[in-house]
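The residues making up each chain are set out below.
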Amino acid sequence: LSLLAALLAFHQLLRWRPRFFAPKLPPGESLPRLPFGWMWQVWKQRRQPAYRPPSLDAKVMIHFLEFGFRLCAGGSLLSLVLIFNYAHGTADDVKGFNKYSLSNINTGGKSSPHLWQAVICAYLMMAVFAKLLLAQWRAFVKIRHEHFARTATFKPENRSAA
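Values in this document were obtained by computation on a predicted structure and should not be read as measured data.

Cut-offs applied
- Residues numbered from 1 in each chain as written.
- Predicted model: local features only at pLDDT ≥ 70, side-chain atom pairs only at ≥ 80, totals over all residues.
- Heavy atoms only, no water.
- Helix = DSSP H or I, 4+ residues; strand = E, 2+ residues; numbered from the N terminus.
- Areas by Shrake-Rupley, 256 points an atom, 1.4 Å probe, with all protein chains shown as cover.
- Phe/Tyr/Trp six-rings, centres within 6.5 Å; stacked < 30°, edge-to-face > 60°.
- Buried < 20%, exposed > 50% of the residue type's maximum accessible area, 1.4 Å probe, protein only.
- Patch = residues over 30% accessible without salt bridge, like charges linked within 9 Å, V, L, I, M, F, W, Y side chains within 5 Å.
- Salt bridge = Lys/Arg side-chain N within 4 Å of Asp/Glu carboxyl O.
- pLDDT = per-residue confidence, 0-100.
- Contact = heavy atoms within 4.5 Å.

1. Digging into the overall build of the protein
Secondary structure summary: the protein contains 5 helices and 0 strands in total. Going from the N terminus to the C terminus, the protein shows its helices and strands as α-α-α-α-α. In the structure as shown, the protein presents an accessible area of about 13400 Å², 67% of it carried by carbon and sulfur atoms.

2. Remarks on the packing of aromatic side chains
Within the structure shown, the criterion is met by 3 aromatic pairs. Here the aromatic rings of Phe67 and Phe129 are separated by 6.1 Å at their centres, their planes lie at 55°, and the arrangement is tilted. Of the two residues, Phe67 is situated in helix α4 (residues 56-87) and Phe129 in helix α5 (residues 113-151); the sequence distance between them amounts to 62 residues. According to the relative accessible area criterion, Phe67 is buried, its value standing at 10%. Using a relative accessible area of 31% as the deciding quantity, one classes Phe129 as partly exposed. With centroids separated by 5.5 Å and ring planes inclined at 40°, the aromatic side chains of Trp137 and Phe140 adopt a geometry described as tilted. Of the two residues, Trp137 and Phe140 both sit in helix α5, 3 residues apart, roughly one turn of that helix. Phe140 sits in the partly exposed class, given a relative accessible area of 26%. Here the aromatic cluster, defined as three or more aromatic residues joined through ring pairs, consists of Phe64, Phe67 and Phe129.

3. With respect to a nonpolar patch on the surface
Taken together, the side chains of Leu115, Trp116, Val119, Ile120, Tyr123 and Leu124 define a hydrophobic patch exposed on the protein surface, amounting to about 600 Å² of accessible area. Within the secondary structure layout, Trp116 lies in helix α5. According to the relative accessible area criterion, Trp116 is partly exposed, its value standing at 49%.

4. Digging into the confidence of the model for the protein
Scored by pLDDT, the protein comes out at a mean of 76, with 66% of its residues at no less than 70. When mean pLDDT is taken per element in the protein, α5 scores highest with 87 and helix α3 (residues 38-46) scores lowest with 68.

5. Quick notes on the side chain of Gln136
With respect to the helices and strands, the residue Gln136 is situated in helix α5. Apart from residues no more than four positions distant in its own chain, Gln136 is found in contact with Val60, His63, Phe64 and Phe67.

6. A word on the environment of Gln136
Of the residues examined, Gln136 reaches a relative accessible area of 16% and is grouped as buried. Note: C-alpha distance between Gln136 and Phe64 (72 residues apart in sequence) is 7.4 Å.

Next comes the structure, spelled out in structure tokens:
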């Protein structure tokens, strides 16, 4: 709801001061009249070639944010599996929001299949984290290698005497 409010506020501010809130808008081109029509123009500009390649830090930051998003998405999917497991728990003394947590699972002194589902999901989440971390490291090495290959220049005077 707050995202929608922020987008509507941006839309109104964009109508009020288009040159301030859309500085890359080409001269003579007007904004679309649809409430979120500016999103299509941004999407089209995204596909155009950039004027200069982003820096190494920017690329690493973007990949790190993608890593975080993928990790949160995996955790959210696993939590959707577990929320139904917790909601149908059998513990009697649980009140409030704790009904949707691990404290609602009554083991009764023995191993419960509901408890094993939480353990298996925890291991799955660790596997997702390890896979994403390995992919993140490989992407970082590739980005670093491309950056140094692009910026490195060989000059004989830069060699140090050994």
